[in-house]
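Structure at a glance
Spelled out from the first residue to the last, the chains are:
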Amino acid sequence: MSLTRNSFVVRTLVLLLLGLVALAGVVVTNVWLVQRTQDYVTEVTQLRRLRAAGVDLRSRLQDAETGQRGFLITDDADYLQPYDDALANLASYMDRLRQAAEVMPDLAPRIEQLAGVIDARLGELRQTVELARQGQRQAALEIVRTDHGKQLMDQARAILQEVVAEAEDKLGRLGVAQGESANALWWVSVVGGLIVVAITLAGLLTILSYLRQLAAARQEVEALNVNLEERVRERTAELGRANEEIQRFAYIVTHDLRAPLVNIMGFTAELEQGVATLQDFVARSGASETGADGDAARLAAQEDLPEALGFIRSSTRKMDGLINAILKLSREGRRVLKPERIDLQALLQNAVAAVAHQVSDAEGEVALDVQVPALVGDRLSLEQIVGNLLDNAVKYRRRDVPLRIKVRALARPGGLVNIAIEDNGRGIDAQDHERVFELFRRSGQQDQPGEGIGLAHVRAMARNLGGDIALNSTFGQGSVFTLILPARLRADTRSMAA
Amino acid sequence: MSENAKSVTIIMIEDDEGHARLIEKNIRRAGVNNEIVPFASGTEALAFLFGADGSGNASAGRSLLILLDLNLPDMTGIEILEKVKANPHTRRTPVVVLTTTDDAREIQRCYDLGANVYITKPVNYEGFANAIRQLGLFFSVMQVPETA
């Protein structure tokens, strides 16, 4: 399984959200079910109270009847005790039943009926007990024998039985409902819990796989890092070899080119001597030789031969210069650099002093701004680079404005030093910005002597030092050459320079 | 070479015929009239120096001075130098290395092998002619031993 950073975040968020929803569902359902259970409990309590009230009332009625019967049989007032107690409390028992019955509004008519029956039954009891107290036991017994009281008592019993049965019935139903509710609570909790656990596991798996992926990626990076240094070393060595090969090639080519050139120049010199002898001879014997042959010989000796020799000479001299330039570059590449601590201020001041005479001739001035006190580099290379750039600034100035040169040295991040040489000279056309650094290539008006070697040499030296040179110039306004150098020249820089 | 000057033969081993001619002319201009025997390849030169059998007996009793270029078509001048300095008959023969190479290690190696003078051919002709003429002047005052 491959996870991108985004899909990991989305997946984790979705799982978290699902987990949250499941958890919220479980909590809401639980709260609702608990609330319902509380309602059941309240109802059950009320129903129990109703049942108890019904049973109590029945007991009291029986107490009253028991007391009456005992008194009527024995005529002993002691037996009236339960009757008196029941009579004193019956009203309150009746009230309790009424209140308790509010939980079942359906029973209200039966309760009122019961109240009427009880009242009638109590009236019959009171009547008989009163008669017996007054000594008319027979009359009281007569009333009992009418069975009116018994019937009333049966009615009351039946109604109370009904009330109690109703309450019990409802209690039973509530019990079932409560059981179902508890069951539902159990299921909701278990299922919800399972969902939360599943989502948590899925999230964990996602995180684990992502972590595993991260760990694998890190291992890969570490392995690559280990290899990287090795590869850099290999490449560096390859580059170094390629560089050496090019330099050897340049060196051999220039040497091999030079050998025939020495011949051409040598025999040109011999020819010149011969021509001189010939010229003397023609000049001396010229008068005696007349005619077309004599004129042609004179013309050849005096004009054609010297002209041809002149061209051969100038061409070989130029070729010699070019070969020497290549040789110089290849020598520069082979030169061993000597890293040493260089006081940049002093070095730049010396370089400026070297061109001071020409600058003052051009009514110019050089501003020096050195913010880097010192660097470790190869003094000779640095002197040559700066000298070359300053020479160019003087050489290619604009004649119509006073020459202004600014030399600045600044520290740059990454252990680099920038040395910028800015002039207000003729500038270099944008299309020639790369060309000027190439060997034997020049730019702009060709009114100054030169072979197109200086900047090529400067760039070769800058790169040898592990740095580079950049050009920023506007044609007709001036140029800024920026030399970028490492603040500390390393001893192995040579092999790094391509 | 003043007394026995006539007897000293200059062996010039140089593959570039133009250079050989220019060297000869400029040596002559310095007033050196010794015989100059030019060789354009190392094989020919070795055959002359050590004879057909390669023993070097051929050079016994000769007075030689060898002018040697290092870049030859069939072998390097270093090989020739080694052989000359290793052979009992030619080891005292002065060898002047005259070549275009100015590599410091090459120069060192030649002196290590017993070269007597190492001269780099100057790049331009004027310098070249001048150097050869001075070399000619040097030859005219130099003593060369007879080989064993």
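Residues numbered from 1 in each chain as written. Chains lettered and ligands numbered in written order. Predicted model: local features only at pLDDT ≥ 70, side-chain atom pairs only at ≥ 80, totals over all residues.

Quick look at the overall build of chain B
Formally: Only DSSP runs of H or I covering at least 4 residues are called helices, and only runs of E covering at least 2 are called strands; the numbering of each starts at the N terminus. Once C-beta atoms are placed from the backbone, each residue is buried if 20 or more other C-beta atoms lie within 10 Å of its own, exposed if 12 or fewer, and partly exposed for counts between those two. Whether two residues are in contact is decided by their C-beta atoms, placed from the backbone, lying within 7 Å.
Counting its secondary structure elements, chain B contains five helices and five strands. Helices (α) and strands (β) of chain B occur, in sequence order from the N terminus, as β-α-β-α-β-α-β-α-β-α. By residue count, 36% of the 148 residues in chain B fall in the buried class. The contacts of chain B with a sequence gap of at least 6 include a subset with a gap of at least 24, amounting to 70%.

Quick look at the overall build of chain A
A tally of helices and strands in chain A yields 11 helices and seven strands. Burial analysis of chain A (498 residues in total) assigns 22% to the buried set. Across chain A, every contact between residues at least 6 apart in sequence was considered, and the portion connecting residues at least 24 apart equals 75%.

Some points on the interface of chain B and chain A
To keep things clear, this is the line we draw: The residue classification treats Ala, Val, Leu, Ile, Met, Phe, Trp, Tyr, Cys and Pro as nonpolar and Asp, Glu, Lys and Arg as charged. All others, Gly included, are polar.
Facing the 12 residues of chain B at the interface are 11 residues of chain A. The set of elements that each furnish at least two residues to the side of chain B that touches chain A consists of α1 (17–29) and α5 (125–141) of chain B. Grouping the amino acids of the side of chain B that touches chain A by side-chain chemistry returns five nonpolar, five polar and two charged.

Details of the nonpolar core
Stated formally: Note on terminology: a nonpolar core is any set of buried Ala, Val, Leu, Ile, Met, Phe, Trp, Tyr and Cys residues joined through C-beta atoms within 7 Å.
Counting residues in each nonpolar core, the largest one holds 38 residues, and the members touching the most others are Ile385, Leu389 and Ile421 of chain A. In this structure, isoleucine 421 of chain A is in contact with Leu389, Leu390, Ala393, Ile405, Val407 and Phe481 of chain A, ignoring residues within four places of it in sequence. Listed in part, the 37 residues of the second largest apolar core include Ala20, Ile23, Tyr125 and Leu135 of chain B.

Here we look at the packing of helix α3 (residues 108–133) of chain A against helix α5 (residues 148–285) of chain A
Residues and elements named next belong to chain A. Heads up, the condition is: Fitted lines through C-alpha atoms give the axes, limited to the stretch in contact for helices. The angle between two N-to-C directions lies from 0 to 180 degrees. Angles are sorted into four bins: roughly parallel if under 35 degrees, roughly antiparallel if over 145, roughly perpendicular if 65 to 115, and oblique for all others. Each crossing is labelled by how the near helix is turned from the far one, with a counterclockwise turn of less than a right angle marking it left-handed and a clockwise turn marking it right-handed.
At a closest axis distance of 9 Å, the pairing of α3 and α5 adopts a crossing angle of 150 degrees. Between α3 and α5, the angle is such that the two are roughly antiparallel. Here α3 and α5 pass one another in a crossing that is left-handed. For the pair α3 and α5, contact is made by Arg110, Gln113, Leu114, Val117, Ile118, Ala120, Arg121, Glu124 and Leu125 and by His148, Gly149, Leu152, Met153, Gln155, Ala156, Ile159, Leu160, Glu162 and Val163, respectively. Broken down by class, the residue content of the contact of α3 with α5 amounts to 11 nonpolar, four polar and four charged.

Overview of unusual backbone geometry
A negative phi holds for most residues other than glycine; trans holds for most peptide bonds. All names here are of chain A. Despite not being glycine, aspartate 147 shows a phi value in the positive range, around 65 degrees. In this structure aspartate 147 comes out as exposed when scored by C-beta crowding, with 11 C-beta atoms within 10 Å. Despite not being glycine, glutamate 363 shows a phi value in the positive range, around 50 degrees. Mapped onto the fold, glutamate 363 is located in the loop between α8 (356–361) and β2 (365–370).

Quick word on the environment of glycine 67 of chain A
Residues and elements named next belong to chain A. For glycine 67, the position within the fold is in helix α1 (residues 5–74). For the pair glycine 67 and aspartate 84, spaced 17 residues apart in sequence, the C-alpha separation works out to 7.7 Å. Not counting chain neighbours up to four residues away, the residues in contact with glycine 67 comprise Tyr79, Leu80, Gln81, Pro82, Tyr83, Asp84 and Ala86.

As for the packing of α5 of chain A against α1 of chain B
At their nearest, the axes of α5 of chain A and α1 of chain B sit 9 Å apart, and the two run at 45 degrees to each other. With respect to each other, α5 of chain A and α1 of chain B are oriented oblique. Note on packing geometry: the crossing formed by α5 of chain A with α1 of chain B is left-handed. The segment α5 of chain A lies against α1 of chain B, with Ala259, Val262, Asn263, Gly266 and Phe267 of chain A engaging Gly18, His19 and Leu22 of chain B.

Looking at the sheet that holds strand β3 (residues 63–68) of chain B
All names here are of chain B. The condition is simple: Being paired, for any two strands, means DSSP has found at least two bridges between them.
Strand order in the open sheet formed by five strands is β2-β1-β3-β4-β5, with parallel pairing between adjacent strands. The two strands at the open ends of the sheet, each matched to only one other strand, are β2 (36–39) and β5 (117–120). For this sheet, the mean angle separating the axes of adjacent strands, direction not counted, is 20 degrees. The sheet contact formed by β3 and strand β4 (residues 95–99) spans three bridges and is parallel. Opposite leucine 67, over in β4, you have valine 96 as the bridge partner.

Focus on the confidence of the model for chain B
Residues and elements named next belong to chain B. Our working definition: Values of pLDDT, which run from 0 to 100, indicate the predictor's confidence residue by residue.
The predicted model of chain B averages 85 in pLDDT, with 95% of residues at 70 or higher. Of all secondary-structure elements in chain B, the lowest mean pLDDT belongs to α5, at 84, while β2 reaches the highest, 93. Across residues 1–6, where pLDDT falls below 50, the model places eight contacts with residues more than four positions away in sequence or in other chains. Taken together, the chains of this predicted complex give a pTM of 0.50 and an interface ipTM of 0.72.

Remarks on α1 of chain B
The condition is simple: The span expected for a helix works out to 1.5 Å for each residue beyond the first. For this quantity, the arc is that covered by the directions from the helix axis to the C-beta atoms.
For α1 of chain B, which comprises 13 residues, the first-to-last C-alpha distance of 18 Å matches the rise-based estimate of 18 Å (1.5 Å per residue) to within 8%. Of all the positions in α1 of chain B, only His19, Ala20, Leu22, Ile23, Asn26 and Ile27 of chain B are classed as buried. Looking straight down α1 of chain B, one finds its buried side chains confined to an arc of 165 degrees; they lie on one side. Pointing more than 90 degrees away from the buried face of α1 of chain B are the exposed residues Glu17 and Arg29 of chain B. Structurally, α1 of chain B contributes buried residues whose contacts are with α5 of chain A together with β1 (8–13), β2 and α5 of chain B.

A short note on the sheet that holds strand β7 (residues 478–486) of chain A
All names here are of chain A. The strand order β2-β4-β5-β7-β6 describes an open sheet built from five strands, whose pairing is mixed. With one partner strand each, in any of the chains shown, β2 and β6 (468–474) form the two edges of the open sheet. Adjacent strand axes in the sheet meet at a mean angle of 15 degrees, parallel and antiparallel pairs treated alike. Where strand β5 (residues 416–423) lies against β7, seven bridges are found, and the strand directions are antiparallel. Paired with isoleucine 421 across the two strands is phenylalanine 481, which belongs to β7. Across the face of the sheet, helix α7 (residues 344–354) comes into contact with β2 and β4 (404–412) while running at roughly 170 degrees to β2. Where helix α10 (residues 454–464) meets the sheet, it contacts β6 and β7, and its direction lies at approximately 135 degrees from that of β6.

Some thoughts on helix α9 (residues 379–395) of chain A
All names here are of chain A. The first and last C-alpha atoms of α9 sit 24 Å apart over 17 residues, in line with the 24 Å expected at 1.5 Å per residue. Inspection of α9 places Ser381, Leu382, Ile385, Val386, Leu389, Leu390, Asn392 and Ala393 among the buried residues, and these make up the whole buried set. Buried residues of α9 fall within an arc of 160 degrees about the axis and therefore sit on the same side.

Points about the environment of valine 196 of chain A
Residues and elements named next belong to chain A. One can find valine 196 in helix α5. Take valine 196: there are 18 C-beta atoms within 10 Å of it, and that puts it in the partly exposed class. On a C-alpha basis, the gap between valine 196 and valine 21 in space is 9.2 Å, while along the polypeptide they are 175 residues apart. For valine 196, the residues in contact, after removing those within four places along its chain, are Gly19, Ala22 and Leu23.

Let's talk about the pairing of β6 of chain A
Residue and element names in this part refer to chain A. Here β6 pairs with β7 via seven bridges, running antiparallel. The partner of aspartate 468 across the bridge, within β7, is isoleucine 484. What sits between β6 and β7 in their antiparallel hairpin is a turn of three residues, with glycine 476 showing a positive phi close to 90 degrees.

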